[in-house]
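Descriptive structure summary
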Amino acid sequence: VSYWWGRKPSLWTDRGDRAVSGDEFVREAYASSYRRLVAQLLALCGEQTQAEDAVQEAFVKAIGQGDRFAHLDNPEAWLRTVALNNLRNGWRHHAVFRRIMPKVPGSVATLDLSPDHVAVVTALGAIPYELRLVVVLHHIADLPTAEIAAQTGIPEGTVKTRLVKGRALLATLLSDDEEANHV
Amino acid sequence: MSDLTRLDSFAADIRTRVVPPDFTTLCAVSRRRRRTAVIASAAAAAAVIAVAGIGARSVYGDQSAPIPPAHTGATTGPTTSAPSGVLTAEQIVHDPTSNLLNFEIAPDDQNVRATGWRVCIHARCAQAVAVTRDGFAHASYVKVQDAYGVTWVGGDEFAVDHGDGNAALVNPDGDETPLHLTTQPGPLRSDETVVLLGIGTRSARYYGVSPAKAVAHPISLPAYLEVTSLNDQAGTLVAFAGGHTIITSSDRGTTWRVPTALPKLWLYGTVPSGDPSVLAVMNVGDTATLVPGTVRRSLDGGVTWQVIRSPQMQQVVANWSAITPEGHLLVNIPRRGFQGPTGLWESDSTWMHFHRIADASPHPSTFLGGFDVLPVTSSNGVQSLYVVDELAFVSTDGGRTWHRTAVR
């Protein structure tokens, strides 16, 4: 289900009618978007801890933005972009940051993935990052190709090409196979 | 099932089961960061002022009161009055208030061992590692950030994770050789040992460490699977990934077998094996949870796994287990106040029938917790070390008899 195309959730459409503080607005965004963003980033990076850390960092940044966050056109897209940047920049590896800055809580509970979902993560991990990004944004985040192009800065034609290639690879890797996979 | 259906199912499952932390916690992190930023700015400003002040003093002369001489108290011998930051590594290890954090032992020579210690004085803590080749008749000492990160890597060498992105090899002669950490993943080579470096940090990874070359490289793992534990079980690499699914490699990490039909595991751990032909995992619990005693055994290097549920091992809390060189399963059930069997039990070859061979513990305080048993397997058999606080007990006959052994 797309939250941004065709219809927007009430969280975003209501905000013009109510006086909502920055923190309260981020809290609502947290309640509605956290799980969705973690699922998207987990599909991208394959690590629950990394995905949750990146998303939590994005929300910490959003809290720091105060009212400015509440006036964004597309807060979830903003959060996703920040979280993706966190993932891509490898902020977690910055020794100084790690030592000085208070840490986000991280994963509350480790998910036990079923073997089938482990196979999905494995297959996604076997796809090159640029193809995987497009596949995840289109098939898990439900973004249309034009929006993916806008959010990632990639030409829409390239997005479509990558989508076709990524999808073909995924179909091959996730073909029903009851035997053990060698990776 | 199509690939898109599986993708949807995966995303839906994650969305349903992810537990967001309390939002107020994130708000607190944000507030603390703002404070940290303010303090950092103030510190930077103070540093600028101090530099300016020093410059002024050098021009106009120092008019302030004379600075008293630095305290030069004795630094020999253990003390609890000195700040932890000025203690030497040896003082940290031998301080009577130090806590034992880690115990490592060479599989073929129990006199080659290393222990990790932490002492906290006035809320400031310091950690150090002691390394010996003669059962602590003599030892060398190294200060570390995290005393959990000590691993035997061969001979009398131990890898020490300094906890700041650096690691070193130390030996009982006091030699400390920096470990060169490369980034290129590869399979485990024959002269390498599996070592987890970066414990407690977000960049923790499993490395293959070559003590001869003082080089470490990440062990190649299946792409984008979160591996939570990795063990070299008699030549077969056994790991838990994506939660608790077992993956195995019989070619030291070149290829990995990801079973698709293995049921989800819960609170499982690998069982140290003294028999290269037998691999096993069992639900070890978290030493507080009562779980049914289920063991999975593989006799073909991890290709297939057989579930073994012995009626005798149902509803027990086992705190450690090991496979003997004869392929039998040793299970230790501590006294924790539960009804049911306790003690050290050994199975027959089917692992269905167990007989009790010893009391659960060589020390009456073990049920309080303390350090878990460290089963060490080697070509000589199973050496079971039981360590409680700063007391350690060793057994070289599969747990039938125990005797005290030194830890520092």
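Note: the structure precedes this text.
The model shown is predicted, which means the values in this text are computed figures rather than measured ones. (Residues numbered from 1 in each chain as written. Chains lettered and ligands numbered in written order. Predicted model: local features only at pLDDT ≥ 70, side-chain atom pairs only at ≥ 80, totals over all residues. Heavy atoms only, no water.)

Some remarks on the packing of helix α8 (residues 129–139) of chain A against helix α10 (residues 156–173) of chain A
All names here are of chain A. We count it as follows: Here an angle of 0 to 180 degrees is reported between the N-to-C directions of two axes, which are lines fitted to C-alpha atoms, with helices fitted over the stretch in contact. The secondary structure listing takes helices from DSSP runs of H or I that are at least 4 residues long and strands from runs of E that are at least 2 residues long, numbered from the N terminus. The cut-offs work like this: below 35 degrees is roughly parallel, past 145 is roughly antiparallel, 65 to 115 is roughly perpendicular, and the gaps in between are oblique. In what follows, residue pairs with any heavy atoms lying within 4.5 Å of each other are defined as contacts.
For the pair α8 and α10, the least separation of the axes is 8 Å and the interaxial angle reads 90°. One way to sum up the angle between α8 and α10 is to call them roughly perpendicular. For the pair α8 and α10, contact is made by Glu130, Leu131, Val134, Val135, His138 and His139 and by Val159, Arg162, Leu163, Lys165, Gly166, Arg167, Leu169 and Leu170, respectively.

Side note on the side chain of serine 210 of chain B
Residue and element names in this part refer to chain B. Selection criterion: Using a 1.4 Å probe on the protein chains alone, a residue whose accessible area is under 20% of its type maximum counts as buried, one over 50% counts as exposed, and one in between counts as partly exposed.
Secondary-structure assignment places serine 210 in strand β11 (residues 205–210). Owing to a relative accessible area of 2%, serine 210 belongs among the buried residues under this scheme. Leaving out residues up to four positions away in the same chain, serine 210 has contacts with Leu169, Asp191, Glu192 and Val215.

Quick look at the pattern of salt bridges
Basically, it comes down to this: A side-chain nitrogen of Lys or Arg and a carboxyl oxygen of Asp or Glu constitute a salt bridge if their distance falls within 4 Å.
Counted by the stated rule, this structure contains nine salt bridges over all chains. In this structure, aspartate 116 of chain A and arginine 6 of chain B form a salt bridge, with 2.6 Å as the shortest nitrogen-oxygen distance. On the criterion of chain membership, the pair formed by aspartate 116 of chain A in helix α7 (residues 115–125) and arginine 6 of chain B in helix α1 (residues 3–17) is interchain, its members lying in two chains. With a relative accessible area of 25%, aspartate 116 of chain A lands in the partly exposed category. Between arginine 189 of chain B and glutamate 192 of chain B there is a salt bridge, with its nearest N and O atoms 2.8 Å apart. A relative accessible area of 45% means that arginine 189 of chain B is categorised as partly exposed. When its relative accessible area of 7% is taken as the criterion, glutamate 192 of chain B is described as buried.

Looking at the state of the cysteines
All names here are of chain B. Just so we agree on the cut-off: Disulfide: a pair of cysteine sulfur atoms within 2.5 Å of each other.
All chains considered together, the criterion is met by one disulfide over all chains. Two residues, cysteine 120 and cysteine 125, share a disulfide whose sulfurs are 1.9 Å apart. One quick way to see it: the torsion about the S-S bond of cysteine 120 and cysteine 125 is about 105°, and its sign makes the bridge right-handed. On the basis of relative accessible area, cysteine 125 is assigned to the partly exposed category, the value being 46%.

Let's talk about the sheet that holds strand β1 (residues 99–106) of chain B
All names here are of chain B. The following threshold applies: Strand pairing is defined by DSSP finding a minimum of two bridges between the two strands.
Pairing is antiparallel in the open sheet, where four strands are placed in the order β1-β2-β3-β4. Strands with a single pairing partner mark the edges of an open sheet, and in this sheet they are β1 and β4 (140–144). When strand polarity is set aside, the average angle formed by the axes of neighbouring strands in this sheet is 20°. Both strand β2 (residues 109–121) and strand β3 (residues 124–132) contribute to a ladder of nine bridges, which runs antiparallel. Along β3, the bridge assignment pairs arginine 118 with glutamine 127.

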